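# Observations on chain architecture
Below, each chain spelled out in residue letters.
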Amino acid sequence: METTLLNRPRSSRRRSLVTSIIAGCLALAGLVVFAAQSHVGSAVQTNSRPAVVPFGIASRTLPVFSPIRNGLVSRPTVGKRQTAGRVSIAPLDMKTASVEEMIKKSKDDRITHLEEQAMEALKYAVENSHHEHPVFPCAMIAGDMVILDLLNRLGYVSTGKVQVMFVDTFHLFDETVTFMKETEKRYGFKGNWFHAADCADKEEYDAKHGADLWKVNIEEYDRICKVEPFQRGLKTLQCDCMINGRRRDHGFERAFIDVYESGKMSKINPLAYWTFEDCWDYIHKYKVAYHPLHDKGYPSIGDAKDTVTVPKDKWFEYAGERSGRFTGLKNKDGSTKTECGIHVDGAERTFERDLYIEGKVEKVDINDVAGVKDQILTVYAPWCQFSQAMEEEFIKLAEEDGLGVTVSASRGDEEREVARGLGVEAFPTTFLIKSDGTRIKYPTEDRTVASWKAFIEANK
């Protein structure tokens, strides 16, 4: 019996009103766009094979949420890649066309438009005169494999016109690292690998930071293993245009992203309007190799420590792809963790500007900090969201009269050993440096003018 919304388990039908509305709006918006850009008789992408989604073992089928049918369909699996081409077909006769024919045409029209839109975005990323160093940070998940295949079809991968970047957190699944190396060979490129600074491997990382850092301080773990290597990679590759696989259906945090985001470092989201099902339709159509852990029940793959399998009938719900990520993790404020810090607001701010460019806060080179006196000084990293959050308040502190000390700031992420020698374990770290050179570390995370003034007064 075909699975439909009506005969699914009752618990599966209890979606929140908000989630249902958003999923419906995404589907409706997609249909409107594609109807506007397609017409009967236009050339569309077709396939000689039935529509399928690749999922490993041939005896297993996968229920896939279909926004076009507003129900569930069961799809078999496929094998190796086969390239499908564009062909012209005769227009359907609206008087005699079956529902099944119209469903197929709707899906063909949709994927044709999405594919063209994504390729246009990638061409803009590479060929626009303002972009000299486009970079694609690849996490090897389904959407990223779609982008990599599109880039390859455009001739941008093996030629090096787009640099592919890979962040090894030292906590990935072994299959992820192996798959990345296989992908390098398959597409004929050498990826740019980045990992925690000053650590050659997991053993050295454990010795320096502790194997359980992610349990003790998840923000610090994100900084060391994800955000800093990511930022260092973009800086090393001189990135002025970042290509990434964020999509609106990933969840509320990404629900309003556009294909193009401006800034000193442009961001291109070629799959912004795609759904997870669209990604798998593309993977089927071109027989794109995909991460082997998808066949084991993982819709998205991150760190092995906090990525879990998800029932396959949940994969294609709104935000379903990432529902198995960051399991059991909480942010400092107690909220459920949904982002690793790489894509949060301001994460690429170091490419926009440094901190403390304006205002009365004096800038001090990190190598000169050991010799300063009579200052309240913060050691920061411009990409750190907590450093960014305190900037405005620290500038206000510098405008206060009668402090008796100079308000200063020093960037510490580019000279980490020097910063560690000063006692900096995380960003931002603030010190009161007395007239005799004694450094007293600010003890709380209450980063306000009133709290800093009280700290200064208490330690005069």
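Residues numbered from 1 in each chain as written. Predicted model: local features only at pLDDT ≥ 70, side-chain atom pairs only at ≥ 80, totals over all residues. Heavy atoms only, no water.

Ordered by their spatial adjacency, six strands build an open sheet running β7-β6-β5-β8-β10-β9, and the pairing between neighbours is mixed. Looking at the sheet topology across the chains shown, the edges are occupied by β7 (192-194) and β9 (260-261). Inspection of the sheet shows β9 paired to strand β10 (residues 266-268) by two bridges, in the antiparallel sense. Bridge assignment links Tyr260 to a residue of β10, and that residue is Ile268. Sitting on the sheet, helix α4 (residues 174-187) touches β6 (163-167) and β7, and the angle it makes with β7 is about 160°. On top of the sheet, helix α7 (residues 218-236) reaches β5 (134-137), β6, β7 and β8 (241-243); it is set at about 160° to β6, its chief contact. (Pairing = 2+ DSSP bridges. Helix = DSSP H or I, 4+ residues; strand = E, 2+ residues; numbered from the N terminus. Contact = heavy atoms within 4.5 Å. Axes fitted to C-alpha atoms, helices over the stretch in contact; angles between N-to-C directions.)

With that out of the way, let us pick up the sheet that holds strand β11 (residues 362-363). Strand pairing in a sheet is mediated by backbone hydrogen bonds. Such pairs are either parallel or antiparallel. Taken in spatial order, the five strands line up as β11-β13-β12-β14-β15 in an open sheet, and their pairing is mixed. Looking along the sheet, the strands with just one partner apiece sit at the ends: β11 and β15 (439-441). Note that strand β12 (residues 375-380) and strand β14 (residues 429-433) share five bridges and pair antiparallel. If you follow Ile376 over to β14, its bridge partner there is Leu432. In this fold helix α9 (residues 385-398) packs onto β12, β13 (406-411) and β14, with an angle of close to 160° to the strand it touches most, β12.

Once that is clear, we can look at the pattern of salt bridges. Pairing of side chains with opposite charge becomes possible as their charged atoms draw close. Per the counting criterion, the structure on display carries 22 salt bridges. A salt bridge links Asp206 to Lys202, with the nearest nitrogen and oxygen atoms 2.9 Å apart. Placement of both Asp206 and Lys202 in helix α5 (residues 202-209) is noted, with a separation of four residues, approximately one turn of the helix. Residue Lys202 is classed as partly exposed on the basis of its relative accessible area of 29%. Among the ionic pairs, Asp413 bridges to Arg411, the shortest N-O distance being 2.7 Å. (Salt bridge = Lys/Arg side-chain N within 4 Å of Asp/Glu carboxyl O. Buried < 20%, exposed > 50% of the residue type's maximum accessible area, 1.4 Å probe, protein only.)

This next bit is on the packing of helix α2 (residues 99-127) against helix α8 (residues 276-286). The N-to-C vectors of α2 and α8 enclose an angle of 90°; their axes lie 11 Å apart at closest approach. Of the possible angle classes, the one that applies to α2 and α8 is roughly perpendicular. Each of Lys107, Arg110, Ile111, Leu114 and Glu115 in α2 lies in contact with α8, whose residues at this interface are Glu277, Asp278, Asp281, Tyr282, Lys285 and Tyr286. Classifying every residue of the contact of α2 with α8 gives four nonpolar, no polar and seven charged. (Parallel < 35°, antiparallel > 145°, perpendicular 65-115°, else oblique. Nonpolar A, V, L, I, M, F, W, Y, C, P; charged D, E, K, R; others polar.)

Bringing the pairing of β13 into the picture now. Of all six residues making up β13, five are buried, and the element is well covered by its neighbours. Bridging between β11 and β13 involves two bridges; their strand directions are parallel. Note that in β13 the partner of Lys363 across the bridge is Ala409. Across six bridges, the pairing between β12 and β13 is parallel. When the bridges of β13 are listed, Leu377 appears paired with Ser408. As for the winding sense of the linkage, the β-α-β connection from β12 through α9 to β13 is right-handed. (Right-handed = clockwise from strand over helix to strand, strands pointing away.)

Turning to the environment of Ala211, a few remarks are in order. Checked against the element boundaries, Ala211 lands in the loop between α5 and α6 (213-216). Accessibility expressed as a relative area gives 36% for Ala211, which makes it partly exposed. For the pair formed by Ala211 and His171, sequence separation is 40 residues and the distance between their alpha carbons is 9.6 Å. Look past the residues within four positions of Ala211 in its chain and what remains in contact with it is His171, Lys202 and Asp206.

Contact geometry of helix α3 (residues 142-153) with α4 gives a least axis separation of 12 Å together with a crossing angle of 20°. Taken together, α3 and α4 sit at an angle that is classed as roughly parallel. When the axes of α3 and α4 are compared, the crossing they make is right-handed. Packed against α3, whose contacting residues are Met145, Leu148, Asp149 and Asn152, the element α4 presents Phe179, Thr183 and Tyr187 at the interface. For the contact of α3 with α4, the per-class residue count stands at four nonpolar, two polar and one charged. (Left-handed = near helix turned anticlockwise from the far one by under 90°.)

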